[in-house]
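Breakdown of the fold
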Amino acid sequence: MKLLAELAEHLNAQLIGDAACGVSAVATLENAGNGTISFLANSKYRKFLSQTQASAVLVKADDLAFVAPGVNALVVADPYVAFAQIARMLDSTPDVASGIHPSAIIDATAVLGENCAIGPNAVISAGAVLGAGVQLGAGTVIGQGAEIGADSRLWANVTVYHNVIIGENCLIHSGAVIGSDGFGFANKAGNWLKIPQTGIVKIGDNCEIGANTTIDRGAIDDTVIGNNVIIDNQCQIAHNVHIGDHSALAGATIVAGSTKIGRYCIFGGGAVINGHIEICDGAQVTGMAMVMKPITEKGVYSSGIPATTNLEWRKNTAKLRQIEHLFARVKQLEQQLQQLSSGGLQPSTED
């Protein structure tokens, strides 16, 4: 439990109400109860401020007048950021592992820093290096020569291939595979010849990798994920991709090989990024969009078709099938208009 006075000091917030009030959890405005703290980040939920049962709320100064009587308030510039900070302070998520489980298999040449925690049936291969405070969940495998930075946490059944480098304070969720082979093949007379993928994956500090996401190792050069990059669940990052610092990829995003993504880029869920292109700093791609060519200017880009009724979709699809015929007709009409305007074609007349 934290006292509001302590939270106000941590957030540099203005405290309105009882400084000795304690909170132990965060909650939504609608579902909050005694001992919880909530927040208003979107004005469309303002009506709930007057009804909430929270012990305290995080609000901007403009919303203070809407807070229910008797509810304490912390006035901040950005309630959502403040909520994130308090949620971290009150986080009750258990450790990934505690101590070193006797069933863990640790090669004699592996190097473990102080206070590492290794879960049941985890495997640490020859030459691997774990920094201080690293936590590995049950069944996680660290390949030969891989390096995991201090205080990084890998949940159960994460697989880190050989020579992969992961920075400090990273969080990798269950089922993620880091450093599997990129999709590299040559075709000889109809037969596929595998090209060994000899690069590695380098992940910076303070990154988060979602559950069942895969990041392929480079074919020759490396796949590089910058600092403070967040990648959601079930994403595919192909070989030789570079993702700049502070970028974010939502669930099921696919990035094809050798694409370079700048800093502070954001990709909505299900986005597909073509290979061998560059995307500039600060680009935002909405969900389900397909990026087929380079993006050179900061901005928001979209291409997905919103859902509609089946009847409307069927009608539009039928019309779309006629687009080649309609295009030819328009070209023909343009030519006729051009001839008319130049006097080369006389319009027909009736007697």
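Residues numbered from 1 in each chain as written. Predicted model: local features only at pLDDT ≥ 70, side-chain atom pairs only at ≥ 80, totals over all residues. Heavy atoms only, no water.

A look at the overall build of the protein
Counting its regular elements, the protein contains 4 helices and 38 strands. Rg of the C-alpha trace for the protein: 28 Å, well past the compact-globule value of 20 Å for 351 residues, more than 25% over. Dimensions of the protein, computed from C-alpha atoms along their principal axes, come out at roughly 100 × 70 × 35 Å. Split into buried and exposed, the 351 residues of the protein put 39% on the buried side. Looking at the protein alone, contacts between residues at least 24 apart form 18% of all its contacts between residues at least 6 apart. Element-wise, carbon and sulfur atoms account for 53% of the exposed surface of the protein, whose accessible area totals about 19800 Å². Here the protein carries 21 positive and 30 negative side-chain charges, and the mean point of each set is 10 Å from the other. (Helix = DSSP H or I, 4+ residues; strand = E, 2+ residues; numbered from the N terminus. Rg over C-alpha atoms; globule rule 2.2 N^0.38 Å. Buried < 20%, exposed > 50% of the residue type's maximum accessible area, 1.4 Å probe, protein only. Contact = heavy atoms within 4.5 Å. Areas by Shrake-Rupley, 256 points an atom, 1.4 Å probe, with all protein chains shown as cover. Lys, Arg positive; Asp, Glu negative; His and termini not counted. Charge placed at Lys NZ, Arg CZ, Asp CG, Glu CD.)

So, the environment of Asn227
As for its position among the elements, Asn227 is in the loop between β26 (223-225) and β27 (230-231). Judged by relative accessible area, which is 34%, Asn227 ranks as partly exposed. Here the alpha-carbon distance between Asn227 and Cys207, two residues 20 residues apart in the chain, equals 6.2 Å. If we skip the residues at most four places from it in the chain, Asn227 touches Gly204, Asp205, Cys207, Asp245 and His246.

Topic: the sheet that holds strand β29 (residues 242-243)
The strand order across the open sheet formed by 9 strands is β9-β12-β15-β18-β23-β26-β29-β32-β35, and the pairing between neighbours is parallel. Edge strands, defined here as strands with exactly one partner in the open sheet, are β9 (111-112) and β35 (278-279). Two elements, strand β23 (residues 201-203) and β26, share 3 bridges in a ladder whose sense is parallel. Residue pairing in the sheet places Val201 in a bridge with Thr223 of β26. (Pairing = 2+ DSSP bridges.)

Some thoughts on the pairing of strand β22 (residues 191-194)
Within a regular beta strand, the side chains point alternately toward one face of the sheet and then the other, so they alternate between its two faces. Relative to β22, strand β21 (residues 185-188) is paired through 4 bridges, and the arrangement is antiparallel. Bridge pairing links Ala186 to Leu193 in β22. Between β21 and β22, which pair antiparallel in sequence order, lie 2 residues; one of them, Ala189, sits at a positive phi of approximately 50 degrees.

Notes on the sheet that holds strand β10 (residues 117-118)
Spatial ordering of the open sheet is given by β10-β13-β16-β19-β24-β27-β30-β33-β36-β38, a layout of 10 strands whose pairing is parallel. Of all strands in the sheet, those with a lone pairing partner are β10 and β38 (300-301), marking the two edges. Sheet analysis places strand β36 (residues 284-285) next to β38, joined by 2 bridges and oriented parallel. Residue pairing for β38: Gln284 is matched across the bridge by Val300.

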